[in-house]
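Geometric and topological summary
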Amino acid sequence: MPFLVWSLVLLSLALTALGVCVGSTGFENLIGPLLHPELDPAATAMAQQIVGEIRLPRTLGAWTAGALLGLAGAVAQGLFRNPLADPYLLGSASGASLGVALVLAVLGGGAGMLGGNMMNGGVPLSVFSGSVLVRLGLTGAAFVGAVLAVLLTLALSKGVHHTLRLLLAGVVVGVVLGAATQLVLLFSPDSLQAMQAFMLGSTAFVGWTACALMAGVWVLCVSAGGLLGRVLDGLSLGEATAHSLGLPLGSLRIALVGVLALATGTAVAQTGLIAFVGLAAPHLVRSVIKTTHGRLMLLASLMGGALLMAADTLARWLIAPQELPVGVLTAVLGGGYLLWLMRRNSRGFAGGGQ
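Every chain is numbered independently, its residues counted from 1 as its sequence is written. Side-chain atom pairs in this predicted model are given and counted only at pLDDT of 80 or more, local residue features only at pLDDT of at least 70, and totals for whole chains, interfaces and linings cover all residues. Side-chain metrics rest on all non-hydrogen atoms present in the structure, leaving aside hydrogens and water.

Regarding the overall build of the protein
- Looking only at helices and strands, one finds 13 helices and zero strands in the protein.
- A run of H or I in DSSP counts as a helix once it spans at least four residues, and a run of E counts as a strand once it spans at least two, with each numbered from the N terminus. Put simply, the protein runs from its N terminus to its C terminus through helices and strands in the order α-α-α-α-α-α-α-α-α-α-α-α-α.
- A total of 354 residues make up the protein; the buried ones form 50% of that total.
- The contact criterion used throughout is that any non-hydrogen atoms of two residues lie within 4.5 Å. Across the protein, the fraction of contacts at a sequence separation of at least 24, relative to all contacts at a separation of at least 6, is 77%.
- Accessible area for the protein stands at about 15800 Å²; split by element, carbon and sulfur atoms hold 71% of it. Partly exposed describes any residue whose relative accessible area lies between the buried limit of under 20% and the exposed limit of over 50%, with all areas from a 1.4 Å probe on protein chains only and scaled to the type maximum. Here the open area of atoms and residues is found with the Shrake-Rupley method and a 1.4 Å probe, where only the protein chains shown may cover a residue.

Written out as structure tokens, the structure is:
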């Protein structure tokens, strides 16, 4: 495990350095003013602002959001005892989308505040690009919507005692809130363009405040996950075994759902809906090492951070000076990875049957 931890940490550091270099303004146009500030103070100030206020917080924000999603994915897969579970299973994504759609409808689509085109000189004008108050309103709406959706799921499932009922309630809540979001957008067509930016996901306007918030939540969730890892280990052996170990499953399940909701809601509120990171990160860790859930949550978190940071850097580089929405890139790459994984597993089963 220490080898994998250090490998992921070093990979993240390398990706941080790479992420600072990639963007609509080429690195060659930044390195000169940064190395020789006396030649052009104005260009040096601009280069420092690009690196220190835009690229570095965006790159670190991508890591913290990916780390939260990776951690949430490991919790979801352990809680539901299903390797295909992802952080959005309890309806948090649909709740966040509905919250953002409602705020956009109230703002009249955010005309004049939220930007229009997803690509403009390499900088996507997402729903997070408006004034501070608008951004805080959208971020708060996304977080509150995600948390309320999870609470609704818990109410419909009558608690967390039955995992299958909880899973089905999450699916139902996701479908209903998704339909409600489409209904809101139907009556507020001006919100469609800004809503699309949220649905596709973007780290373009993550600043230092958002980084600090996500980092604080990540530390809290990782600490709680380490304490609750034994519960997931017990659940993986079955309900009867977990009870025989003397674990208070009811209260501990509530705590796990709380970690899942907090991590997912915080990431979604800051970056929008980014698919497959939470699903793929635990799988990639398990393909390298077999470990307990306590350690898996930490490793999946580090893996998720590296994955989203790499995807964000790639999204900025592929069609530079413009860029792709990072959520589209993670969906394509994550979907391809899962198809490959399914094909590999089906071959293994076929070989075992001969």
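Topic: the environment of leucine 296
- With respect to the element layout, leucine 296 can be found in helix α12 (residues 293-317).
- Judged by its relative accessible area of 4%, leucine 296 falls in the buried class.
- With residues near it in sequence (within four places) discarded, leucine 296 still touches Ala74, Pro282, Val285, Arg286 and Thr291.

Quick word on unusual backbone geometry
- Of note, arginine 81 is a non-glycine position whose phi angle comes to about 50°, a positive value.
- If you trace the backbone, arginine 81 turns up in the loop between α3 (41-79) and α4 (92-106).
- Positive phi, normally seen in glycine, also occurs at phenylalanine 276, with a value near 75°.
- With respect to the helices, strands and loops of the structure, phenylalanine 276 is situated in the loop between α10 (249-271) and α11 (277-288).
- Taking relative accessible area as the criterion, phenylalanine 276 reaches 28% and is therefore assigned partly exposed.

Here we look at α12
- Multiply 1.5 Å by the residue count of a helix minus one, and that product is the helix's expected span. Under the 1.5 Å per step criterion, the end-to-end length of α12 is 35 Å for 25 residues, consistent within 8% with the ideal 36 Å.
- Counting buried positions along α12 gives 18 out of 25 residues, so the element sits mostly inside the fold.

Overview of the nonpolar core
- Ranked by internal contacts, the top residues of the largest apolar core, which has 82 residues, are Phe80, Phe198 and Val257.
- At 12 residues, the largest contribution of residues to this core is made by α3.
- Not counting chain neighbours up to four residues away, the residues in contact with valine 257 comprise Leu79, Leu90, Val150, Leu154, Val160 and Leu166.
- The criterion is simple. A nonpolar core is a set of buried Ala, Val, Leu, Ile, Met, Phe, Trp, Tyr and Cys residues joined through side-chain atoms within 4.5 Å. Leu279, Ala280, Tyr337 and Leu338 belong to the second largest nonpolar core, which has five residues in total.

A closer look at the packing of helix α8 (residues 208-236) against α10
- At a minimum axis separation of 9 Å, α8 and α10 run at an interaxial angle of 150°. Put simply, α8 runs roughly antiparallel to α10. Both α8 and α10 take part in a crossing whose hand is left-handed. Between α8, through Ala210, Leu213, Met214, Val217, Leu220, Cys221, Ala224, Leu228, Val231, Leu232 and Leu235, and α10, the contact on the second element is made entirely by Leu249, Leu252, Arg253, Ala255, Leu256, Val259, Leu262, Ala263, Thr266, Ala267 and Gln270. To get an axis, a line is fitted to the C-alpha atoms, and for a helix only the part in contact is used. The angle between two axes follows their N-to-C directions and goes from 0 to 180 degrees. With respect to orientation, any angle under 35 degrees is reported as roughly parallel, any angle over 145 as roughly antiparallel, any angle of 65 to 115 as roughly perpendicular, and every other angle as oblique. For a crossing to be left-handed, the near helix must be turned anticlockwise from the far one by less than a right angle; the clockwise case is right-handed.

Keep in mind that these numbers describe shape and distance, not what the molecule does.
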